[in-house]
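What follows is each chain in one-letter form.
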Amino acid sequence: MFTAVLFGLSPILSWAGNLRVVHLGDSHVWSKIFPRAAHTRLRQRLGNGVSYQHIAKPGAYLADFLNQRSVNRVAAMNPNLLVVSIGTNESYAPNFDAPKFRADMGRFMAMYRPVCRTILFTTMPGNYKNGRVNPKARQIADIQISLANGLGYQVYDLYGAAGPAYWRQGGMMDRRGIHFNAKGYSQQGVMLGNWIADHIVD
């Protein structure tokens, strides 16, 4: 049912028995359920040589991580895979500025690429606004996908892998259709863990 969509460089990285993941994001990562489920699935697939840490801030925008303090914090964790899950708060911004978001993506890569050569963006799974599918979520996902090859990062299109209706109909979202419950975040973690494991080279 789920499709792993790969953009940018392939394979994602060489596996040397020591995968060090840092997962950066907003409240979806801050919940801890999403990254913990991804870590568990990676250890099931790849063994115990997987470390998985996360840095998250509720309400975060990509621009909130464009500072040297955040870069230094990631650098101190010494990842060989940086996962970035961002975009939900941008999708609810009344004055979302697509050109600025594109520029921020470029700035992010320029700042973090020296810290971690392999960077993976996950698009948001999708969300709702006023009871309807929020079109900005797909717009932001499309921007992230369109820039992947040019900026040299990977994308796991979590939106395209299932879509917002899947999460709502499966009872995995809150009543507003913005956040997810434990079942939803766990499912996303499993999907992410499987995607990463599938793109590791032994």
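Computed from a predicted structure; not experimentally measured.

Concerning unusual backbone geometry
- The backbone of K32 shows a phi angle near 75 degrees, a positive value even though the residue is not glycine.
- Inspection of the secondary structure puts K32 in the loop between α1 (27-30) and α2 (33-46).
- According to the relative accessible area criterion, K32 is partly exposed, its value standing at 38%.
- Positioned with a positive phi, N130 is a non-glycine residue whose angle comes to about 55 degrees.
- Structurally, N130 can be placed in the loop between β7 (128-129) and β8 (132-133).
- On the accessibility criterion, N130 (76% relative accessible area) is exposed.

Notes on empty space enclosed by the protein
- On inspection of all chains with the given rule, the structure shows one cavity of 30 Å³ or more.
- Taken together, 13 residues make up the lining of the largest cavity; nearest its centre are H28, S85, I86, M124 and P125.
- The residue makeup of the lining of the largest cavity, split by class, is five nonpolar, seven polar and one charged.

Quick look at helix α5 (residues 98-112)
- With 15 residues, α5 extends 21 Å from end C-alpha to end C-alpha; this agrees with the ideal 21 Å at 1.5 Å per step.
- Among all positions of α5, only A98, F101, D104, M105, F108, M109 and Y112 are buried. What you see down the axis of α5 is that its buried residues fit within an arc of 135 degrees, all on one side. In this structure, α5 carries P99 and A110 as exposed residues pointing more than 90 degrees from its buried face.
- Lining the buried residues of α5 we find β3 (19-25), α3 (68-77), β5 (81-85), α4 (88-92), β6 (119-122) and α6 (135-151).
- Measuring from the backbone nitrogen of K100 back to the side-chain oxygen at the start of α5 gives 3.2 Å, which picks out D97 as the cap.

About the thresholds
- What you see as residue numbers is a count from 1 along each chain, following the sequence as written.
- Since the coordinates come from a predicted model, pLDDT governs what is reported: local features require at least 70, and pairs of side-chain atoms require 80 or more to be given and counted, while whole-chain, interface and lining totals use all residues.
- Side-chain descriptors were evaluated using all non-hydrogen atoms of the structure, hydrogens and water having been removed beforehand.
- Comment: elements are numbered from the N terminus, with helices defined as DSSP H or I runs of at least four residues and strands as E runs of at least two.
- Exposed residues in this analysis have more than 50% of their type's maximum accessible area, buried residues have under 20%, and partly exposed residues fall in between, with area computed by a 1.4 Å probe over protein chains only.
- Both cavities and pockets are sets of points on a 1 Å grid over the protein atoms alone; in a cavity a 1.4 Å probe fits but cannot get out, in a pocket the set is open with protein on both sides within 12 Å along at least five of seven lines, and lining residues sit with an atom within 4 Å of a point.
- Grid points are joined across faces, edges and corners, and a volume is the space filled by probe spheres set on the points.
- Under the grouping applied here, Gly and all other residues not named as nonpolar or charged are polar, the nonpolar ones being Ala, Val, Leu, Ile, Met, Phe, Trp, Tyr, Cys and Pro and the charged ones Asp, Glu, Lys and Arg.
- What a helix should span is 1.5 Å times the count of its residues minus one.
- The directions from the helix axis to the C-beta atoms form the arc being described.
- Note on contacts: a residue pair qualifies if any of its non-hydrogen atoms lie within 4.5 Å across the two residues.
- Under this definition, polar contacts are N or O atom pairs within 3.5 Å; protein pairs additionally need one hydrogen-donor-capable and one acceptor-capable atom, and for neighbouring residues in sequence, both atoms have to be side-chain atoms.

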